[in-house]
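In case you want the letters, here they are:
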Amino acid sequence: MTPVYLSQLQLQCALSAELSSAAARYLQGDVPQPTPGSDTLTTGYFAVSGHALSLHQRLHSLLRSTLQQAGLNATDCLLLVASTALDVSLLEQRLQQGESLTMAMLPAFDDFAASISAEFNFAAIRIINTACTSAANALLYGQRMLQAGLYQHVLVLAFEPPGNITRTGFSALELSSGSGQYRPFHPQRDGLILGEAYATALLSTTPDKTAQAELLGGYSACDTYNITTTAEDGSHIAAVMQQALQQSAVHSSDVALLKLHGTATAANDTAEHNGVMQVFSRQLPALTVLKPYLGHTLGACGLTELALLFAALQQGALPALPYASAASLPFSTTAITLAPQAVVMANFFGFGGNNASLLLRRC
Amino acid sequence: MFSVIAQHQLRLDANSSDKELKQLLSQQLPHMPRRLDRLALLTLLLAAPFRGQLARGSGIYLAADYPSLANMYALLDTVVVQQQLPKPFEFVNSVSNAACFYAAQMLQLDGPNMFIGAGSAPWQALAELAYADLHCGVVTEALLIRCLQGNNQLSGQAVQLRAGNWQPEQWQFSAFAAAPR
């Protein structure tokens, strides 16, 4: 199969509005503090630091700079948009400002694409919503469409703005952290903290000088066990991870680092723990979680977490998990150094039974 | 590129209530899933004729012009206007590809499951995803579904595909429907 490379990574997140600074803070072990909820219904979240920009200003600026730095025209690229909320937060703002809610206000998916097309003439725009695997699927299908010869380049735009529907929704499901501590795989974990983030990446069959990883492959499939939780015995997660290894022609013993999904919810972490132990029964690779540093960026996490991870690996050793010795999986208690060309496996799971696992090799 | 195995299309009265859609679906299914929103009901009505026709690892690729409108309206009204917590299932249906989940459950499939906004070229978008999976050997069969709820419509089409030598001249459902079998 034709190799596909991940380059031109950009990330705006709670650690920093600039990727290399965010990676530097992550390597120092800095964790952001949640911005408190504005009322009794909404919980705190990890907000993007820096200048306040409107959503579309921010997204257009990211797309513009990604294309400019890559030296590409939009017409050369398929744009894959990965987000669960898209711009519904803008509708929330209109209602908060006193407009009356009507059915006619509800946006079609085309409306978002039209706002992008007003400035950029992409070869095509596709909006992907598979819950928290949206960006992972955007990367995976971007790779496959390049390998199938359908497009020259694929630009992935992944984002989750803060919205009241999302923040109250996870509270209604009792999945939000009450302690304000984001601790995946900790015995006293108490749920997730949402994160605001905006990210872009370019997928191409030839590596440019900014290429950070080769996307080897992966697998994404639907677990019909339950719409909000995957099978707690980890069987579907294990099957997806095994298929991902097979599709990527990688043996489990070749995986140097496993980036866990790690939502810090009781059911997800249990299922992922069980799935991981089934796949790596003999010897576990080094383990890492990134949501304590970014928050759960929902549909964007497939790209935000990989952007932070690979940018950090360029700068140094990954920090040890602060509570490694108490965690239910054997996280390293010391910093993790990865060799050049090391293979990374990355898990992403979501509502709607969506489970995905990707394999990447450092460039 | 493709071999078209089967197709199905449905055009319903846009004023049909969800209860009427459930009754229509219950005539085809031995067990009805609970808490289906309108988009999921339309998807299941389009997918129901393919029960027992697809290999377990087949992919489902769904494109819709809108999310479930009544569900989105209820969420905005509850959370933003009334400032209350949303109903859990309404929230889950809004952030997930719930319609795809219920289709996979009904068809007993555990393969890829993709939901996309329909955009201006829904059949091209769906066919490209399916082609990518067929080309890379991820699936051997694909079910493409398009749902329409906007502009006072309630309709959709579905196509079952395998890898083959036929390529549509135009990215329209009519081309898939007229493809040689």
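Bear in mind the structure is a predicted one, so any value in this text is a computation, not a measurement. (Residues numbered from 1 in each chain as written. Chains lettered and ligands numbered in written order. Predicted model: local features only at pLDDT ≥ 70, side-chain atom pairs only at ≥ 80, totals over all residues. Heavy atoms only, no water.)

J.: I'd like a rundown of the overall build of chain A, residues and numbers included.
T.: Assigned secondary structure in chain A consists of 10 helices and 12 strands. What you see for chain A is a C-alpha radius of gyration of 19 Å, in line with the 21 Å of a compact globule of 363 residues. By principal-axis analysis of the C-alpha atoms, chain A measures approximately 60 × 50 × 40 Å. Classification of the 363 residues of chain A by burial places 63% in the buried group. Restricting the contact set of chain A to residue pairs at least 6 apart, pairs at least 24 apart contribute 79%. Separation between the mean location of the 15 positive side-chain charges and that of the 23 negative ones in chain A comes to 6 Å. (Helix = DSSP H or I, 4+ residues; strand = E, 2+ residues; numbered from the N terminus. Rg over C-alpha atoms; globule rule 2.2 N^0.38 Å. Buried < 20%, exposed > 50% of the residue type's maximum accessible area, 1.4 Å probe, protein only. Contact = heavy atoms within 4.5 Å. Lys, Arg positive; Asp, Glu negative; His and termini not counted. Charge placed at Lys NZ, Arg CZ, Asp CG, Glu CD.)

J.: Give me the environment of G50(A): which residues, what numbers.
T.: Within the secondary structure, G50(A) sits in the loop between β2 (45-46) and α2 (55-70). Separated by 36 residues in sequence, G50(A) and A14(A) have C-alpha atoms that sit 9.1 Å apart.

J.: Go over helix α5 (residues 98-107) of chain B with me, naming the residues and quoting the values.
T.: All names here are of chain B. The buried fraction of α5 amounts to 9 of the 10 residues, a majority that puts the element mostly inside the structure. All buried positions along α5 are accounted for by A98, A99, C100, F101, Y102, A103, A104, M106 and L107. Backbone geometry just after α5 places Q108 at a positive phi near 55°.

J.: I'd like to hear about the interface of chain B and chain A, residue by residue, with values.
T.: Residue-level contacts link 54 residues of chain B with 55 residues of chain A. Summed over both sides, the interface between chain B and chain A buries roughly 4600 Å², with carbon and sulfur atoms accounting for 72% of that surface. Our count for the contact surface shared by chain B and chain A stands at 2 salt bridges. Where D133(B) meets R144(A), a salt bridge forms, and the shortest distance between an N and an O atom there is 2.6 Å. Our enumeration of links across chain B and chain A arrives at 11 residue pairs in polar contact (both at pLDDT 80 or more). Every element with two or more residues in the side of chain B that touches chain A is listed here: β2 (59-64), α3 (69-81), α4 (88-95), α5, β3 (113-117) and α6 (122-135) of chain B. Considering every element that reaches the side of chain B that touches chain A, the biggest residue donor is α3(B), with 10 residues. Grouping the constituent residues of the side of chain B that touches chain A by class yields 34 nonpolar, 15 polar and 5 charged. (Buried area = accessible area lost by both parts, 1.4 Å probe. Salt bridge = Lys/Arg side-chain N within 4 Å of Asp/Glu carboxyl O. Polar contact = N/O pair within 3.5 Å; in protein donor to acceptor, adjacent residues only side chain to side chain. Nonpolar A, V, L, I, M, F, W, Y, C, P; charged D, E, K, R; others polar.)

J.: Any details on the pattern of salt bridges? Residues and values, ideally.
T.: Scanning the model with the defined rule gives 12 salt bridges over all chains in all. A salt bridge links E128(B) to R126(A); the nearest nitrogen and oxygen atoms lie 3.1 Å apart. Here R126(A) lies in strand β4 (residues 124-128) and E128(B) lies in helix α6, a pairing that spans two chains. Take R126(A): its relative accessible area is 9%, and that puts it in the buried class. The shortest N-O distance in the salt bridge between R361(A) and E214(A) comes to 3.3 Å. In this pair, R361(A) sits in strand β12 (residues 354-362) while E214(A) sits in strand β8 (residues 213-222), placing the two residues 147 residues apart along the sequence. Relative accessible area serves as the criterion here: at 15%, E214(A) is assigned to the buried category. Among the charged side chains, a network of salt bridges with common partners joins K259(A), K291(A) and E305(A).

J.: Could you give me a rundown of the state of the cysteines, with the residues and numbers involved?
T.: With the rule as written, the count across this model stands at 0 disulfides over all chains. Cysteine C222(A) shares no disulfide, and the gap to the nearest cysteine sulfur, in C100(B), comes to 7.7 Å. With no disulfide of its own, C136(B) has C363(A) as its nearest cysteine by sulfur position, at a separation of 19 Å. (Disulfide = S-S within 2.5 Å.)

J.: Summarise the packing of aromatic side chains; cite the residues concerned and give the values.
T.: Applying the stated criterion across every chain, the model contains 13 aromatic pairs over all chains. Where W123(B) meets F173(B), the ring centres are 5.5 Å apart and the plane angle is 40°; that geometry is what we call tilted. Of this pair, W123(B) sits in helix α6 while F173(B) sits in helix α7 (residues 173-177), and the two are 50 residues apart along the sequence. Taking relative accessible area as the criterion, F173(B) reaches 8% and is therefore assigned buried. Between W166(B) and F176(B), the ring centres sit 5.5 Å apart and the planes meet at 70°, which makes this aromatic pair edge-to-face. With a gap of 10 residues between them, W166(B) in the loop between β5 (155-163) and α7 and F176(B) in helix α7 connect regions that are remote in the sequence. Here W166(B) and F176(B) have matching classes, each one buried. Members of the aromatic cluster, each reached through a chain of ring pairs, are F2(B), W123(B), Y131(B), W166(B), F173(B) and F176(B). When the ring centre of Y141(A) is taken as reference, the NZ or CZ atom of R144(A) above it lies at 5.1 Å. (Phe/Tyr/Trp six-rings, centres within 6.5 Å; stacked < 30°, edge-to-face > 60°. Lys NZ or Arg CZ within 6 Å of the ring centre and 35° of its normal.)

J.: Tell me what's going on with the packing of helix α5 (residues 134-147) of chain A against helix α10 (residues 301-315) of chain A, and back it up with residues and numbers.
T.: All names here are of chain A. It is at 5 Å that the axes of α5 and α10 come closest, and there the two elements cross at 80°. Judged by the angle between their axes, α5 and α10 are roughly perpendicular. Contacts from A135, A136 and L139 of α5 reach α10 at G302, L303 and L306. Residue composition of the contact of α5 with α10, by class: 5 nonpolar, 1 polar and no charged. (Axes fitted to C-alpha atoms, helices over the stretch in contact; angles between N-to-C directions. Parallel < 35°, antiparallel > 145°, perpendicular 65-115°, else oblique.)

J.: I'd like to hear about the pairing of strand β7 (residues 197-204) of chain A, residue by residue, with values.
T.: The side chains of a regular strand alternate between the sheet's two faces. All names here are of chain A. Burial within β7 is extensive, with 8 of its 8 residues counted as buried. Residue alternation in β7 divides its side chains into two sets, A197, A199, A201 and L203 and Y198, T200, L202 and S204, and both sets are buried. Note that strand β1 (residues 4-12) and β7 share 6 bridges and pair antiparallel. In the strand pairing of β7, L6 is matched with L203. One ladder, built from 8 bridges, connects strand β5 (residues 153-160) with β7; its direction is antiparallel. Residue pairing in the sheet places H153 in a bridge with S204 of β7. (Pairing = 2+ DSSP bridges.)

On their own, these measurements won't tell you what the molecule is for.
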